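Spelled out, the chains give:
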Amino acid sequence: MVDTLRKQGWIRRPEVAAAFLAVPREVFGPEAPTLEAAYSADDVIRTRFNDRGRAISSVSAPWLQADMIEAARVREGMRVLEVGSGGYNAALLDEIVGETGHVVTVDIDPWVTERAGRFLAQSGHAGVTVVTGDAEHAADPYGPFDAILVTVGAWDCPWGRLLAQGARMVVPLVFSTITRSITFVRDGDRLVGENPTVCGFVPMQGAGAHPEAEALLADGAVRLTIEDDPGLDVAELDKALTAARTESWTGITVAGNEPFDTLNLWIATADTALGQIWKDPARTCDLAEPATRWHCPALIERDGFAYLALREVPPVGDGRIRFEFGVYGHGPHRTELTRRLHDHIQTWNHDRRRRPGPAFTLYPADARVPTPAVGRIFLKRHTALLMRWA
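Small disclaimer: the values here were computed from a predicted structure and weren't measured.

A. Local environment of the sheet that holds strand β15 (residues 305-313). Across the sheet, which stays open at both edges, the 7 strands sit in the order β10-β11-β13-β14-β15-β16-β12 with antiparallel pairing between neighbours. Every interior strand has two partners, whereas the edge strands, β10 (213-217) and β12 (246-255), have only one. Geometrically, the sheet is characterised by an average inter-axis angle of 30° between neighbouring strands, direction not taken into account. Taken together, the 3 bridges between strand β14 (residues 296-300) and β15 define a ladder with antiparallel strand orientation. In the strand pairing of β15, Ala-298 is matched with Tyr-307. Packing against the sheet, helix α9 (residues 262-270) makes contact with β13 (274-279), β14, β15 and β16 (322-330), and its axis sits at approximately 135° to β13.

In structure tokens form, the structure reads like this:
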């Protein structure tokens, strides 16, 4: 596992490699079916589920844990806060900060913190402070911190006040149904973002929870999610899915394994109707054909939607398999929705695809945020997130 993480560039410092070599991952993830599964560099270990069968606690994939630790620049002697516990990540941090540092890990779920404390003691990391409570305020008595790592999907970010000047916080921030793990560096009252990384985490619970509007279609085989509820009519959306659809192909292609994650960010910039469409991989359903299994963009209205599709096209000169972007639209306004999403894809391809992605800055909610020439401001309870394109 460590060799893989080094080769792929997720582990870059020897002290991080030493921590991953020292901490027994299987102790913190007994739910893994085999040792090979426990030590897969790419796999999550899901440890707790809600009554709908969705994971609400997990041990994150090692590549992502390594990337976050490296991004936070955790080193010996630091005081570090982890929001969202489980034990394994806290043990890694404890190895790095050593006897002169200190790690605090917080989780709202007593089931999670009980086992985290038990596993930490078992693995020789009993010095970690495990706090049961709502992370919105539970860590306040222990700050300030030299680094903060948030390991749950957070719609807002109230922990800037606990971060020392110049210190770093890595947080999977949710906006417009998109999640990016962003490294924020405190600069006065604002937090300047670096290195936005595509990721997925279980959602925040407690005071920081911000549930998205959801419509389950085709008896649960297809799911639509959107941040700002437009008054979703599930019956009408279900009817739209089974009725005739509109399709439009763009002529824009992408090679297999070629990233296009800035497309979602551009659609979020240009259209407040952005949501996501998900298809249950365990269910057979030919009514929806999203372009990607996860994080597939869709424009969603009360009674209709349009989403990104792909179809294979003949390879060009380099011989690589290529796919064409298209749009499928459903509902009474499907033609207009399809056209809108088609236009967003065209604009992204022409203006943004081959340029750097947007920059992110977090401001206090009551701050005066500069209006971007190209971008969007996402207003939250504690903060305002500025996404700005150069």
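B. Here's a closer look at the pairing of strand β9 (residues 190-198). For strand β8 (residues 178-187) and β9, the ladder comprises 7 bridges, and the chain directions are antiparallel. Along β9, the bridge assignment pairs Asp-187 with Arg-190. Counted between consecutive antiparallel strands, the loop separating β8 from β9 contains 2 residues, among which Gly-188 sits at a positive phi close to 65°.

C. Representation of the sheet that holds strand β17 (residues 359-364). Pairing is mixed across the open sheet formed by 10 strands, whose spatial order is β5-β4-β3-β6-β7-β8-β9-β17-β19-β18. In this open sheet, the two edge strands, each paired with only one partner strand, are β5 (129-132) and β18 (375-379). Each adjacent strand pair in this sheet contributes to an overall mean axis angle of 20°, direction not counted. As paired elements, strand β3 (residues 79-83) and strand β4 (residues 102-107) share 5 bridges and run parallel to each other. Across the sheet, the residue bridging to Leu-81 is Val-104, located in β4. Packed onto the sheet, α9 meets β7 (163-175), β8, β17, β18 and β19 (383-388) and runs at close to 80° relative to β8.

D. Representation of the packing of aromatic side chains. Per the counting criterion, the structure on display carries 13 aromatic pairs. Between the aromatic rings of Tyr-307 and Tyr-328, the centroid separation amounts to 5.7 Å while the plane-to-plane angle is 70°, which identifies the pairing as edge-to-face. Here Tyr-328 lies in strand β16 and Tyr-307 lies in strand β15, a separation of 21 residues in the sequence. Classification of Tyr-307 by relative accessible area gives buried; the value is 0%.

E. Main features of the side chain of Thr-225. Residue position: Thr-225 is located in strand β11 (residues 222-226). Overall, Thr-225 belongs to the buried group, its relative accessible area being 4%. Polar contacts involving the side chain of Thr-225 include one to the side chain of Trp-278, which spans 3.2 Å.

F. Main features of α9. For α9, a buried count of 8 out of 9 residues is recorded, marking the element as mostly surrounded by other parts of the structure. Those residues of α9 not exposed but buried are Thr-262, Leu-263, Asn-264, Leu-265, Trp-266, Ile-267, Ala-268 and Thr-269.

G. Just the pairing of β19, in detail. Burial within β19 is extensive, with 5 of its 6 residues counted as buried. Where β17 meets β19, 6 bridges bridge the pair, whose relative direction is antiparallel. What sits directly across from Leu-362, in β19, is Leu-385. Alignment of β18 against β19, held across 5 bridges, turns out to be antiparallel. Each residue of the ladder has a partner; that of Leu-379, found in β19, is Ala-384. Counted along the chain from β18 to the antiparallel partner β19, the turn is 3 residues long.

H. Structural context of the nonpolar core. By size, the foremost hydrophobic cluster in this structure holds 76 residues, and its most contacted members are Leu-81, Ile-148, Trp-159, Phe-184, Ile-277, Phe-305 and Phe-325. Per element, the largest residue contribution to this core is 6 residues, and it comes from β7. The next biggest cluster of nonpolar side chains, apart from the first, holds 42 residues, and it includes Ala-17, Met-68, Ile-96 and Ala-147.

I. Looking closely at the packing of helix α2 (residues 14-22) against helix α6 (residues 88-97). For the pair α2 and α6, interaxial distance at closest approach is 9 Å and the crossing angle is 130°. One way to sum up the angle between α2 and α6 is to call them oblique. Considering the relative orientation of α2 and α6, their crossing is right-handed. Across the interface between the two elements, Glu-15, Val-16, Ala-19, Phe-20 and Ala-22 of α2 pack against Tyr-88, Leu-92, Glu-95 and Ile-96 of α6. Of the residues contributing to the contact of α2 with α6, the split by class is 7 nonpolar, no polar and 2 charged.

J. Region of interest: α2. Three or more residues of α2 are buried, namely Val-16, Ala-17, Ala-19 and Phe-20. For α2, the buried positions fall inside an angular range of 160° around the axis, keeping them on one side. Within α2, the exposed residues directed more than 90 degrees away from the buried face are Pro-14 and Leu-21. Buried residues in α2 make contact with α1 (2-7), α5 (62-72) and α6.

K. Layout of unusual backbone geometry. Here the amide bond leading from Gly-143 into Pro-144 is cis, since omega sits at 0°, within 30 degrees of zero. Positive phi outside glycine occurs at Ser-176, with the angle close to 50°. Along the chain, Ser-176 falls in the loop between β7 and β8. For Ser-176, a relative accessible area of 4% translates into the label buried. Despite not being glycine, Asn-195 has its phi angle at roughly 50°, a positive value.

The rules we used
Residues numbered from 1 in each chain as written. Predicted model: local features only at pLDDT ≥ 70, side-chain atom pairs only at ≥ 80, totals over all residues. Heavy atoms only, no water. Pairing = 2+ DSSP bridges. Helix = DSSP H or I, 4+ residues; strand = E, 2+ residues; numbered from the N terminus. Axes fitted to C-alpha atoms, helices over the stretch in contact; angles between N-to-C directions. Contact = heavy atoms within 4.5 Å. Phe/Tyr/Trp six-rings, centres within 6.5 Å; stacked < 30°, edge-to-face > 60°. Buried < 20%, exposed > 50% of the residue type's maximum accessible area, 1.4 Å probe, protein only. Polar contact = N/O pair within 3.5 Å; in protein donor to acceptor, adjacent residues only side chain to side chain. Core = buried A, V, L, I, M, F, W, Y, C linked by side-chain atoms within 4.5 Å. Parallel < 35°, antiparallel > 145°, perpendicular 65-115°, else oblique. Left-handed = near helix turned anticlockwise from the far one by under 90°. Nonpolar A, V, L, I, M, F, W, Y, C, P; charged D, E, K, R; others polar. Arc of directions from axis to C-beta.

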